[in-house]
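Fold and contact review
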Amino acid sequence: MSGGKGIGFFEKYLSVWVTLCIILGIIIGQWIPVIPETLGQWEYSNVSIPIAILIWMMIYPMMLKVDFKSVKNVAKQPKGIVVTCLTNWIIKPFAMFGISWFFFFVVFKYLIPFNLAEEYLAGAVLLGAAPCTAMVFVWSHLTKGNPAYTFIQVAVNDLIILVAYVPIVGFLLGIGGIQIPWITLILSVVLFVVIPLCAAIITRITVIKNHGIDYFNNEFINKFNSWTTIGLLLTLIILFSFQGKTIVENPLHIILISLPLILQTVLIFSLAYGWAKSWKLPHEIAAPAGMIGASNFFELAVAVAISLFGLESGAALATVVGVLVEVPVMLFLVRIANRTKNYFNVISYDL
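The residue numbering used here restarts from 1 in each chain and proceeds along that chain's sequence as written. Two thresholds apply to this predicted model, a pLDDT of at least 70 for residue-level local features and 80 or more for giving and counting side-chain atom pairs, whereas whole-chain, interface and lining totals are computed over all residues. Hydrogens and water molecules were not included; the side-chain quantities draw on all heavy atoms of the structure.

1. Brief notes about the packing of aromatic side chains
Heads up, the condition is: In this analysis, rings of Phe, Tyr and Trp, with Trp reduced to its six-membered ring, are considered paired at centre separations within 6.5 Å, and the interplanar angle assigns stacked below 30 degrees, edge-to-face beyond 60, and tilted for intermediate values. In this text, helices come from DSSP runs of H or I with a minimum length of four residues, and strands from runs of E with a minimum of two, each type numbered from the N-terminal end. Under the scheme applied here, a residue whose accessible area is under 20% of the maximum for its type counts as buried, over 50% as exposed, and between as partly exposed, the area being computed with a 1.4 Å probe on protein chains only.
This model, assessed by the stated rule, comprises 14 aromatic pairs. Taking 5.0 Å as the distance between ring centres and 45° as the angle between the ring planes, the aromatic pair formed by tyrosine 273 and phenylalanine 344 counts as tilted. Taken together, the residues tyrosine 273 in helix H12 (residues 252-278) and phenylalanine 344 in the segment after helix H15 (314-339) connect sequence positions 71 residues apart. We classify tyrosine 273 as buried; its relative accessible area is 8%. Accessibility expressed as a relative area gives 8% for phenylalanine 344, which makes it buried. Grouping aromatic residues by their ring pairs yields a cluster made of Tyr60, Tyr215, Phe216, Phe220, Phe224 and Trp227.

Okay, structure coming up:
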């Protein structure tokens, strides 16, 4: 995703594959219930082992692509990083909470039962506190963003996730009156961020040392191109095999969940993109900054939702709806960014 190619076939039609996985998962849950029943028994400390394996399949290849040595270049052009960090960690989580709470508990008060509204809010919070670390390379490329600076933005975000995700999620869930299983939350971040991150760093250092950076970037990483998509789709099939009954009984809820998520995505992009414009940042920095803020690290959000609340929870369903709506919405924002390029100064950042 970080190379010179445009959006791939699977990424371009990700919402289609997600929809097909929803249908297949529901069919399995309704007609072959022995499968989710068996998978549900394979867990440790509320963490599903099959899901954990699939999540690692998704996250490990993403971490491989991030060169954390690039963080040292932050001081050369700090404004773009300031926009990214403040949008992602000060504005976005609280905006997601506020918008979602308003929709689930006020606008949709008589359409969504209170207990489900709480779970949907929890899923939205998990999404809002996890800025994108993978697909943003695609969005950056499609808007002709500066690839080196995009790497820096992603690297900084990954480092912040290690220390900020747990307290922000815990704080917002607490405000929402949702019981916080702190041990499981911390364990989830260790399992789905720290471990794959450490494994990726060790792999990156070892491969580059033995074969060189060109081999790593042009051959080694390409071996994992399909891992993330396969892991995601298999996760969704399992997830929806558990969610089938809820969806069949409440199909309207998919639309209800998607509305605040879409609104939040457009709002955050507009804020970050407009902020970058007001600071006179070049388009190649402004576009990725807006995209990182708008999109979500939905793989992490799905994993944590499952660990905290279970495969059959409304929180897990909300994070998956985030996957469903993200690609078409982000492609729409890519078009907006490209059509407004002439409003920005033409400057190239040399990092």
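2. Description of a nonpolar patch on the surface
Defined as follows: Exposure above 30% relative accessible area and the absence of a salt bridge qualify a residue for a patch, where like charges join within 9 Å and nonpolar side chains (Val, Leu, Ile, Met, Phe, Trp, Tyr) within 5 Å. For every accessible area listed, the method is Shrake-Rupley and the probe measures 1.4 Å; residues are considered covered only by the protein chains on display. When a carboxyl oxygen of Asp or Glu is within 4 Å of a side-chain nitrogen of Lys or Arg, the pair counts as a salt bridge.
A surface patch of nonpolar side chains, amounting to about 860 Å² of accessible area, comprises Tyr13, Val16, Leu20, Ile23, Ile27, Trp31, Ile32, Val34 and Ile35. Mapped onto the nonpolar patch, the elements with two or more residues apiece are helix H2 (14-31) and helix H3 (34-39). Sorting elements by how many residues they give to the nonpolar patch places H2 first, with five residues. When you line up the elements, isoleucine 23 lands in helix H2.

3. Considering the environment of threonine 87
The criterion, for reference: The contact rule is simple, with two residues in contact once any of their heavy atoms fall within 4.5 Å. Throughout this description, a polar contact denotes any pair of N or O atoms lying within 3.5 Å of each other; where both atoms belong to protein, one of them has to be capable of donating a hydrogen while the other can accept it, and for residues adjacent in sequence the pair is counted only when both atoms sit in side chains.
Considering the arrangement of structural elements, one finds threonine 87 in helix H5 (residues 78-107). Residues threonine 87 and alanine 272, spaced 185 residues apart in sequence, show a C-alpha to C-alpha distance of 6.4 Å. Setting aside residues no more than four positions away along its own chain, threonine 87 makes contact with Val82, Lys92, Pro93, Ile268, Ala272, Trp275 and Gly293. A distance of 2.7 Å separates a polar side-chain atom of threonine 87 from the backbone oxygen of valine 83.

4. Some points on the nonpolar core
Put simply, the test is: Remark: nonpolar core denotes a set of buried residues (Ala, Val, Leu, Ile, Met, Phe, Trp, Tyr, Cys) joined through side-chain atoms within 4.5 Å.
Counting residues in hydrophobic clusters, the biggest one holds 127 residues, and the most contacted among them are Phe104, Trp139, Tyr165, Met291 and Leu300. Among all residues touching leucine 300, those that are not within four sequence positions of it are Ile59, Ala130, Ile161, Tyr165, Phe192 and Val193.

5. Let's talk about the side chain of serine 258
Following the sequence through the fold, serine 258 ends up in helix H12. A relative accessible area of 10% means that serine 258 is categorised as buried. Separated by 2.7 Å, the side chain of serine 258 and the backbone oxygen of isoleucine 255 make a polar contact.

6. What about the environment of asparagine 250?
For asparagine 250, the position within the fold is in the loop between helix H11 (227-249) and H12. Note on asparagine 250: relative accessible area 22%, which makes it partly exposed.

7. Brief notes about helix H14 (residues 298-309)
Short version of the rule: Multiplying 1.5 Å by the residue count of a helix minus one yields the expected span of that helix.
Between its first and last C-alpha atoms H14 spans 16 Å; for twelve residues at 1.5 Å apiece the expected length is 16 Å, and the two agree. With eleven of twelve residues buried, H14 is to be regarded as a mostly interior element. Residues of H14 that are buried: Phe298, Glu299, Leu300, Ala301, Val302, Ala303, Val304, Ala305, Ile306, Ser307 and Leu308. Looking one or two places after H14, you find glycine 310, whose phi comes out positive at around 100°.

8. Concerning the environment of leucine 162
Relative to the helices and strands, leucine 162 resides in helix H8 (residues 147-175). Note: C-alpha distance between leucine 162 and valine 194 (32 residues apart in sequence) is 7.1 Å. Leave out the neighbours within four places in its chain, and leucine 162 touches Val193, Val194 and Leu197.

9. Side note on the packing of H5 against H12
Here is the rule we go by: Helix axes use the C-alpha atoms of the stretch in contact, all axes being lines fitted to C-alpha atoms, and the angles between their N-to-C directions lie in the range 0 to 180 degrees. Angular relationships are summarised with four words: roughly parallel below 35 degrees, roughly antiparallel beyond 145, roughly perpendicular across 65 to 115, and oblique for the angles in between. By definition, turning the near helix anticlockwise from the far helix through less than a right angle yields a left-handed crossing, and turning it clockwise yields a right-handed one. Nonpolar residues are Ala, Val, Leu, Ile, Met, Phe, Trp, Tyr, Cys and Pro. Charged residues are Asp, Glu, Lys and Arg, and all others, Gly as well, are polar.
Packing of H5 against H12 brings their axes to within 9 Å, and their N-to-C directions diverge by 150°. Classified by the angle between their axes, H5 and H12 sit roughly antiparallel to one another. Seen from above, H5 lies across H12 with right-handed handedness. Touching Val82, Val83, Leu86, Thr87, Ile91, Lys92, Ala95, Met96, Ile99, Ser100, Phe103 and Phe104 of H5 are Leu256, Ile257, Pro260, Leu261, Leu263, Gln264, Leu267, Ile268, Leu271, Ala272 and Trp275, all from H12. Partitioning the contact of H5 with H12 into residue classes produces 19 nonpolar, three polar and one charged.

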